[in-house]
Every structure is written in C-alpha cells, then in structure tokens.
Amino acid sequence: MTTLLEPPAASPLAGIRSLELEITGKCQLTCTHCLSQSSPQATHGTMTPSDWRAVITDAAALGIQTIQLIGGEPTVHPDWQEFTELGLALGLHVEIYSNLFHVRPEWWDLFTRDGVTLGTSYYSDEPTEHDKITGRPGSYVRTRCNIREAITRGVTIRAGIVDILPGQRVAEARAELESMGVKHINTDRVRAVGRAALPGTKPTLDEMCGRCTRGRAAVLPNGDLAGCVLSRDFPAGNVRETRLAELLRGKAWRDLSASIPPPRRNACPPDDSGDCDPANTEACDPAY
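Along each chain, residue indices are assigned from 1 in the same order as the chain's sequence is written. Since the coordinates come from a predicted model, pLDDT governs what is reported: local features require at least 70, and pairs of side-chain atoms require 80 or more to be given and counted, while whole-chain, interface and lining totals use all residues. Side-chain metrics in this entry use all non-hydrogen atoms of the structure; hydrogen atoms and water are not considered.

Below, the discussion takes up the pairing of strand β4 (residues 116–121). Each residue is placed in one exposure class: buried if its accessible area under a 1.4 Å probe, protein chains only, is under 20% of its type's maximum, exposed if it is over 50%, and partly exposed if it falls in between. Secondary structure elements follow DSSP: runs of H or I no shorter than four residues count as helices, runs of E no shorter than two count as strands, and numbering proceeds from the N terminus. With 6 of 6 residues buried, β4 lies mostly within the body of the structure. A two-sided burial pattern is seen for β4, the buried positions comprising V116, L118 and T120 on one face and T117, G119 and S121 on the other. Two strands qualify as a pair provided DSSP detects at least 2 bridges between them. Alignment of strand β3 (residues 93–97) against β4, held across 4 bridges, turns out to be parallel. Residue pairing across strands places I96 opposite L118, the latter belonging to β4. Here β4 pairs with strand β5 (residues 157–163) via 4 bridges, running parallel. Paired with G119 across the bridge in β5 is R158.

A separate point is the packing of helix α4 (residues 127–134) against helix α5 (residues 139–152). Angles run from 0 to 180 degrees between N-to-C directions of axes, and those axes are lines fitted to C-alpha atoms, restricted for helices to the stretch in contact. It is the contact of α4 with α5, at a shortest axis distance of 8 Å, that shows an interaxial angle of 100 degrees. Viewed along their axes, α4 and α5 adopt a mutual orientation that is roughly perpendicular. Contacts between α4 and α5 involve P127, H130, D131 and T134 on the former and, on the latter, S139, Y140 and T143. Amino acids are sorted into nonpolar (Ala, Val, Leu, Ile, Met, Phe, Trp, Tyr, Cys and Pro), charged (Asp, Glu, Lys and Arg) and polar (every other residue, Gly among them). Split into classes, the residues belonging to the contact of α4 with α5 amount to 2 nonpolar, 4 polar and 1 charged. When describing relative orientation, an angle under 35 degrees is termed roughly parallel and one over 145 degrees roughly antiparallel, while 65 to 115 degrees is termed roughly perpendicular and anything else oblique. Residue contacts are defined here by distance: any two heavy atoms, one from each residue, within 4.5 Å place the two residues in contact.

Quick look at the packing of aromatic side chains now. Any two aromatic rings considered together are summarised by their centre-to-centre distance and by the angle between their planes. For this analysis, a ring pair means two rings from Phe, Tyr or Trp (six-membered ring only for Trp) whose centres lie within 6.5 Å, classed as stacked if their planes differ by under 30 degrees, edge-to-face if by over 60, and tilted for the remaining angles. Counted by the stated rule, this structure contains 4 aromatic pairs. Taking the centre distance of 5.2 Å and the plane angle of 85 degrees together, the rings of W80 and W107 count as edge-to-face. With W80 in helix α2 (residues 80–89) and W107 in the loop between β3 and α3 (108–111), this pair connects stretches of sequence that are 27 residues apart. The buried category is assigned to W107, whose relative accessible area is 4%. Aromatic side chains Y122 and Y140 sit 6.0 Å apart centroid to centroid with 40 degrees between the ring planes, which places their arrangement in the tilted category.

Turning our eyes to something else, we now look at the confidence of the model for the protein. For the protein, per-residue confidence averages 85 on the pLDDT scale, and residues scoring 70 or more make up 82% of the total. Overall, residues 265–288 carries pLDDT values under 50, and its contacts beyond four positions in sequence, including any with other chains, amount to 91 contacts. How sure the predictor is of each residue is captured by pLDDT, a score from 0 to 100.

With mixed pairing, the 8 strands of this open sheet are ordered in space as β6-β5-β4-β3-β2-β1-β7-β8. In the strand order of this sheet, the two ends are held by β6 (184–189) and β8 (225–226), each with one partner. Contacts from α5 reach β4 and β5 within the one sheet, and its direction differs from that of β4 by about 155 degrees.

A word on the nonpolar core. For the purposes of this section, nonpolar cores are sets of buried Ala, Val, Leu, Ile, Met, Phe, Trp, Tyr and Cys residues that join through side-chain atoms within 4.5 Å. L19, L21, F111, L118, L177 and V219 are the most contacted members of the largest nonpolar core, which has 57 residues in total. Ignoring any residue separated from it by four or fewer positions in sequence, one finds L21 in contact with W52, V55, I56, I67, Q68, L69, I70 and V219.

Dropping the structure here:
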C-alpha cells in the first residue's frame, strides 16, 4: 500500500511531461478497439483513492506538468473530481479524457476551470457507424451534444479519431468536429492492443508508436507503471509497492525505454499518426 509521504526533494524526470492515470476500467461503452477492454462490468481496479492521491502528489513534486485522467470512463470513478482538484491545487494541468456520453450539469463548472481541458473520442459523422464502434446506441448523439456544449461554454477540448472500420467516415468526422469549433483533432490507426488484438496474440513493442516512456508515463488501475496506457503489457514496477520517483529512476524503467523502437521518421500523418488516440495528449507525442 502506498502511503502519502513527503514528496521527493529533486526531480529525476527532466523528460517526463505527462502522466496518464487510468483510474478505472469501468465505462458505459464497449468500444470494439478498446485498449483496456473496459465495459460497464469492469472495476475501478486495486488502486485506492489514497494511492492515487500519492501518485498525483509525487507527480507534481517530480516536475511533471500534466496529469491525464483516463479509463475506462474516468468520470464514473467516485473520486475523479477530488483528483482533479488535487492536481490543480498542486499546479498541474489536468486533462479529463471522457467519452462525453454522460455529463452532469454540475461538472461543467469544473471543466471550465483554469488548468482543466477535455479530451474525447469521435468516430464518424454517421450515427449508426459511430454507435457500432462504441457498442452503445445513442452514443453519437450524446457525445456530439456534449461537445457542442463544451464549445459553447468555452471549454478547451480536443478530439481523437481512430480509423477502425473499412471505409470509416474519418474525413467526414473531422469535418463535423471542425464545424462545431473543435480546433485540436488527431487521427490514428487502430493499434493491436486490447480488443483490437487478434485472438491468441500478444501485443509487441513494435506495435507502439515509439513515444512510450519518452516524455510520458502511465499508471494503470492495478498500480502498474507503464510507458503509456498503450504499452500496458510491459510494466516497469508497481506504485503500490514502490514510490513513483524510485520506479522512474530504476533499471526496469530504463530497460523498458531502451527496448521500445524509436519513433519512425515522418511518423506523423500521412505516413502514420504521431498521436496514439483516443487519448492524444499532443500531436506527434502520443498518449493513447
């Protein structure tokens, strides 16, 4: 069990800018390509609220600039607002990566706070195609309405489009997002991780985009530290057993980073996306 100790005095992480916190595996949707295989039946994992608070506190002490709450659907975790408030109080930028399927009216006040941004996934301008990918009828309409509401309220929002189905209306989805006022849009091919992997196969580091561990790290619902949520099958320790700073200084983390193939030259579109959506923290600097 991680305890909330005094944060480390100095940062060993000059290159780590963003920490993805996968606070839950639960989600209202069952997307066909979901890397975490989240669903309504999944759990929040074994990380306790105290564990997550310790990680957020350590992230700030280590000079990490951004935390991203992701899942699953992060807003189904009962403490997501507390985690956001803690991050803001520590001077962190907090991105909430939500499917925007359900937004309570009182959440908008938090979404509009300085230092908070939203991320979301969008798959098509055609409702039936979008809903086929998410596995939830009506998800297109609800997500689209909440994107429009976010824009109306002045919330900074980015969207990721993953190209999954043959002939998917990716270009049309981008055009629709632009027409609604979304200015930050990235696309990516589907990655063979989670539900997108072929039955009986195991993910390989060659399937990664090459940015895992380089500028980012991720903590999963069981406490595992990974290079990003996409490289979840290659953990480098567990924050419930060892403090984040020690893990990021450790041999397992160095070995993981050394084993990841470097980003391909010209890895951004059209050759390939430089942003592993759906979580897309930065173009050409992925955060699946």
